[in-house]
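Understanding the architecture of this molecule
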Amino acid sequence: MSNEILLLNGPNLNLLGTRETDMYGDTTLEDVENLVSSAAEAAGYSVRCAQSNVEGELVDALQAASNCAGVLLNAGAYTHTSVALRDAIKGAGAKVVEIHISNVFQREDFRHVSMIGPVCIGSVSGFGIDSYLVGLQALIMANE
Ligand code: DQA
């Protein structure tokens, strides 16, 4: 297994910093990627970053991650709908942490359902951008 962590963001997360800033804050995706990369490197891991608005491209990225130390996945709205992502996580066999910036349980009922949660090692929701850093710590601990 490599010491590489995949930071994978799904639909609309490319718009972080400008999209619904009341909900998601004004930190950009590039800022998030830099923050996670720095924290991971300090702990001896490298980070590969990817983002796609396309469900199949997220499936491809998960399939390619089977050798990674783990995946931090904010699947955005696909969290709540995608059997394909769930199957990809299960098939790849990588440790995946489900990440949400907002607290999805304080929002609409349809966001209370996660298709991917049952096949992830755990979930982090509601800590703003810090959700990614909390998820990273969890992933590092899961590899110790
Ligand atoms: C999100 C929550 C999802 O419900 C939503 O569709 C997103 C972002 C979050 O990070 O809080 O796009 O995953």
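The structure presented is a predicted model; accordingly, all values stated were derived computationally and were not measured.

Section: the site of the ligand
Around the ligand, a shell composed of Arg-19, Tyr-24, Asn-74, Gly-76, Ala-77, His-80, His-100, Ile-101, Ser-102, Val-104, Arg-107 and Arg-111 is seen. Coverage of the ligand by the protein amounts to 98% of the 320 Å² it exposes when considered alone. The site holding the ligand turns out to be the largest pocket. Among the residues forming the shell around the ligand, the class breakdown is 4 nonpolar, 5 polar and 3 charged.

Focus on the pairing of strand E4 (residues 96-100)
The buried fraction of E4 is high, at 5 of 5 residues. Relative to E4, strand E3 (residues 70-74) is paired through 3 bridges, and the arrangement is parallel. Across the sheet, Leu-73 pairs through a bridge with Glu-98, a residue of E4. Tracing the backbone out of E3, into helix H4 (residues 83-92) and back to the parallel element E4 gives a crossover that is right-handed. Of the strand pairs in this sheet, E4 and strand E5 (residues 122-125) are connected by 4 bridges, and their pairing is parallel. Each residue of the ladder has a partner; that of Val-97, found in E5, is Gly-122.

Topic: the side chain of Ser-102
Along the polypeptide, Ser-102 turns up in the loop between E4 and E5. You can call Ser-102 buried: its relative accessible area is 7%. Within the structure, the side chain of Ser-102 is placed 2.8 Å from the side chain of Arg-107, a separation counted as a polar contact. Setting aside its immediate chain neighbours within four residues, Ser-102 contacts Met-23, Tyr-24, Arg-107, Ser-125 and Gly-126.

Remarks on the pattern of salt bridges
Charged atoms that come close allow side chains of opposite charge to pair. For the coordinates displayed, the defined rule picks out 4 salt bridges. Residues Arg-111 and Glu-108 are paired through a salt bridge, measuring 2.7 Å at the closest nitrogen-oxygen approach. One network of salt bridges, in which partners are shared, links Arg-107, Glu-108 and Arg-111.

Concerning the layout of surface pockets
Here the largest pocket is characterised by a volume of approximately 160 Å³. If you go around the largest pocket, you meet 15 residues; those closest to its centre are Arg-19, Tyr-24, Gly-76, Ala-77 and Arg-111.

Basis of the calculations
- Residues numbered from 1 in each chain as written.
- Predicted model: local features only at pLDDT ≥ 70, side-chain atom pairs only at ≥ 80, totals over all residues.
- Heavy atoms only, no water.
- Near = heavy atom within 4 Å.
- Areas by Shrake-Rupley, 256 points an atom, 1.4 Å probe, with all protein chains shown as cover.
- 1 Å grid on protein atoms, 1.4 Å probe; cavity = no way out; pocket = protein on both sides within 12 Å on 5 of 7 lines; lining within 4 Å.
- Sits in = over half its atoms within 2 Å of the grid points.
- Nonpolar A, V, L, I, M, F, W, Y, C, P; charged D, E, K, R; others polar.
- Buried < 20%, exposed > 50% of the residue type's maximum accessible area, 1.4 Å probe, protein only.
- Helix = DSSP H or I, 4+ residues; strand = E, 2+ residues; numbered from the N terminus.
- Pairing = 2+ DSSP bridges.
- Right-handed = clockwise from strand over helix to strand, strands pointing away.
- Polar contact = N/O pair within 3.5 Å; in protein donor to acceptor, adjacent residues only side chain to side chain.
- Contact = heavy atoms within 4.5 Å.
- Salt bridge = Lys/Arg side-chain N within 4 Å of Asp/Glu carboxyl O.
- Points joined across faces, edges and corners; volume = space filled by probe spheres on them.

Interpretation note: all reported values are geometric properties and have no functional meaning in isolation.
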